[in-house]
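# Observations on the model geometry
Here is what each chain is made of, one letter per residue.
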Amino acid sequence: MASLKDLRNRIASVKATQKITKAMQMVAAAKLRRAQQAAEAARPYAQRMESVLGNIAGAISGGPDAPLLLTGTGKDETHLLIVLTAERGLCGAFNSSIVRLARERALSLMAQGKTVKIFCVGRKGHDALRRQFEKQIVEAVELRANKGATFADAQKIAEKIGAMFAAGEFDVATQFFSRFQSVISQVPTAQQLIPATFAAPAEAPKGSEAVYEYEPGEAEILADLLPRNLAVQIFKALLENGASEQGARMSAMDNATRNAGEMIKKQTLTYNRTRQAMITKELIEIISGAEAL
Amino acid sequence: MATFPFELVSPERLVYSGAVTEVIVPGAEGEFGILAGHAPFVSTLKPGVLTIKGDGPAKKLFVRGGFAEANPAGLTVLAETAIPLAELKAENLAQMIRDAQEDVEDARDESIRASRQQFLEQLKSAAAAIEADARTSH
């Protein structure tokens, strides 16, 4: 049985851990608010982009001069999986659930005889996938851990992917990230980037919306905007991921704090019992000693 | 003068939103002014100066990359970069031009080189316009 000193030490160490998890939870809560604001601020841009592109793409997609980014290469052989994860751990199942989704997809594609290439963004995903898919990982990008994702980061990633696509290194690109639903629920999601898919315009354009005039032509606009759209989609995913990460970390740390509290309670009880048992034992010894005289 | 709603959006935030009387946009095929009741119109942007005219003095911003969409509901400009001229430092612009210059030199095939060269020219002319603007306003 542990001595009183051991118990005291153990309680002190759990208390220290609890303080850390509590602090991390509060930091995550503050960061979550900022991440959510960033995600909200980015929404109008992505929405407008999508609606304009949707309009133009609908008109042109059947045509022969539709850009490859929109129609794809017409093949389905080589898949690029872009796995967006966090730089840091201690955020519950956040990283592992994204990685699991990507891994399942990679394995099922490989089982179908397709070539799989993996593009890792974020250190955690790279760490998790490195062992199993060493040959498939073509690129790994790390983000700065402390600041939220900036559009420049997304642009850099999009440029790399665009260059790879232009060089014919893959046919289909899909990104994996975690969609932020609420603090307690983040949904790992796969989104196809190339060929680009657009939700059909939500409702038929109202009568007042006359036909747009395009300058330069529709095809040129599309060719200009599609690469930008790639960056915007990646940026959106990075922001969603940022909010999800903080949300996941917050609830994970909340759990950890609660568990530490329970542990402290249990150990304090044992500590007090042991202490009392010792006092009783000593008293009995003294009394029986006195009686023997 | 009639006003219309105008929004300038960058990927990171909503830069400007409000009622204005006129906006001058650096379109890919030339600058154009938008007044209230403009016909539906979509144009890509070249790097340059966007001027917002409304109440008070005109606001000028440096924009690059993106497009403008005018419809009966107003005008929306989506720009990857939107910086008020007052906050734009000459060094920043010089850096952008240097980067563009390097891009031109790095270009592997001819069509990419041509498009990057064009971008560089546009950036240079925007820089010249901004300098001229700075001189007149002082």
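Rules behind the numbers
Residues numbered from 1 in each chain as written. Chains lettered and ligands numbered in written order. Predicted model: local features only at pLDDT ≥ 70, side-chain atom pairs only at ≥ 80, totals over all residues. Heavy atoms only, no water. Helix = DSSP H or I, 4+ residues; strand = E, 2+ residues; numbered from the N terminus. Rg over C-alpha atoms; globule rule 2.2 N^0.38 Å. Buried < 20%, exposed > 50% of the residue type's maximum accessible area, 1.4 Å probe, protein only. Contact = heavy atoms within 4.5 Å. Lys, Arg positive; Asp, Glu negative; His and termini not counted. Charge placed at Lys NZ, Arg CZ, Asp CG, Glu CD. Areas by Shrake-Rupley, 256 points an atom, 1.4 Å probe, with all protein chains shown as cover. pLDDT = per-residue confidence, 0-100. UniProt positions renumbered as here; feature names shortened; annotations may be inferred. Core = buried A, V, L, I, M, F, W, Y, C linked by side-chain atoms within 4.5 Å. Salt bridge = Lys/Arg side-chain N within 4 Å of Asp/Glu carboxyl O.

Further remarks concern the overall build of chain B. The secondary structure content of chain B amounts to two helices and eight strands. Going from the N terminus to the C terminus, chain B shows its helices and strands as β-β-β-β-β-β-β-β-α-α. Whereas a compact globule of 138 residues would reach a radius of gyration of roughly 14 Å, chain B reaches 16 Å, a difference of no more than 12%. For chain B, the spread of C-alpha atoms along the principal axes amounts to about 50 × 35 × 25 Å. Taking all 138 residues of chain B together, 45% fall into the buried category. By sequence separation, contacts in chain B at least 24 residues apart represent 47% of the contacts at least 6 residues apart. The centroid of the 13 positive side-chain charges in chain B is displaced by 4 Å from the centroid of its 20 negative side-chain charges.

Turning our eyes to something else, we now look at the overall build of chain A. From N to C terminus, chain A includes six helices and six strands. Element order for chain A, N to C, with α for helix and β for strand: α-α-β-α-β-α-β-α-β-β-β-α. Here the C-alpha radius of gyration of chain A, 28 Å, is well above what a compact globule of 293 residues would show, namely 19 Å. In terms of overall dimensions, chain A has C-alpha extents of about 110 × 45 × 30 Å along its principal axes. Burial statistics for chain A: of 293 residues in total, 40% are counted as buried. Nonlocal contacts in chain A, meaning residues at least 24 apart in sequence, comprise 76% of its contacts between residues at least 6 apart. When the accessible area of chain A is evaluated, it comes to approximately 15900 Å², of which 54% is carbon and sulfur surface. Side-chain charges of chain A comprise 38 positive and 30 negative groups, with the mean position of each set lying 12 Å from the other.

A few words on the confidence of the model for chain A. Close inspection of predicted coordinates is inappropriate for parts of the model with low pLDDT. All names here are of chain A. The share of residues in chain A with pLDDT of 70 or more is 92%, and the mean pLDDT across the chain is 86. For chain A, per-element mean pLDDT is lowest for helix α2 (residues 68–71), which scores 76, and highest for helix α3 (residues 94–111), which scores 93. Counting contacts from residues 202–209, a segment whose pLDDT is below 50, to residues more than four positions away or on other chains yields one contact.

The next subject is the UniProt feature "coiled-coil region" (unreviewed entry) in chain B. Taken from the UniProt record, the annotation "coiled-coil region" (unreviewed entry) applies to residues 83–117 of chain B. For residues 83–117 of chain B, helix accounts for 71% and strand for 6%, while the C-alpha atoms at its two ends are 23 Å apart.

Turning our attention to the nonpolar core. Among the nonpolar cores identified, the biggest contains 48 residues, and Ile82, Phe119, Ile161, Ile194 and Ile234 of chain A are the most heavily contacted of them. Ranked by residue count, the leading element in this core is helix α6 (residues 218–292) of chain A, at 12 residues. Those residues in contact with Ile82 of chain A that sit more than four places away from it in its chain are Phe119, Val121, Ile161, Ala173, Thr174, Gln175, Phe176 and Leu193 of chain A. Core analysis: the second largest hydrophobic core is formed by 21 residues, Phe6, Val20, Ile34 and Leu61 of chain B among them.

To continue, consider the side chain of Gln233 of chain A. Residue and element names in this part refer to chain A. Within the secondary structure layout, Gln233 lies in helix α6. Assessed through its relative accessible area of 7%, Gln233 is described here as buried. Apart from the residues lying within four places of it in its own chain, the contact partners of Gln233 are Glu50, Gln175, Gln191 and Leu193.

A separate point is the environment of Glu50 of chain A. Positionally, Glu50 of chain A belongs in helix α1 (residues 4–60). In the structure, Glu50 of chain A is positioned 147 residues away from Thr197 of chain A in sequence and 9.7 Å away in space, judged by C-alpha atoms.

Pairs can form between side chains of opposite charge whenever their charged atoms are close. Inspection of the entire model under this criterion finds 10 salt bridges over all chains. Between Lys114 of chain A and Asp76 of chain A there is a salt bridge; the shortest N-O distance is 3.5 Å. Here Asp76 of chain A lies in the loop between α2 and β1 (78–84) and Lys114 of chain A lies in the loop between α3 and β2 (115–121), a separation of 38 residues in the sequence. For Arg228 of chain A, the salt bridge identified is with Glu80 of chain B, shortest N-O distance 3.1 Å. Pair noted here: Arg228 of chain A is in helix α6 and Glu80 of chain B is in strand β8 (residues 74–84), and the two residues belong to different chains.

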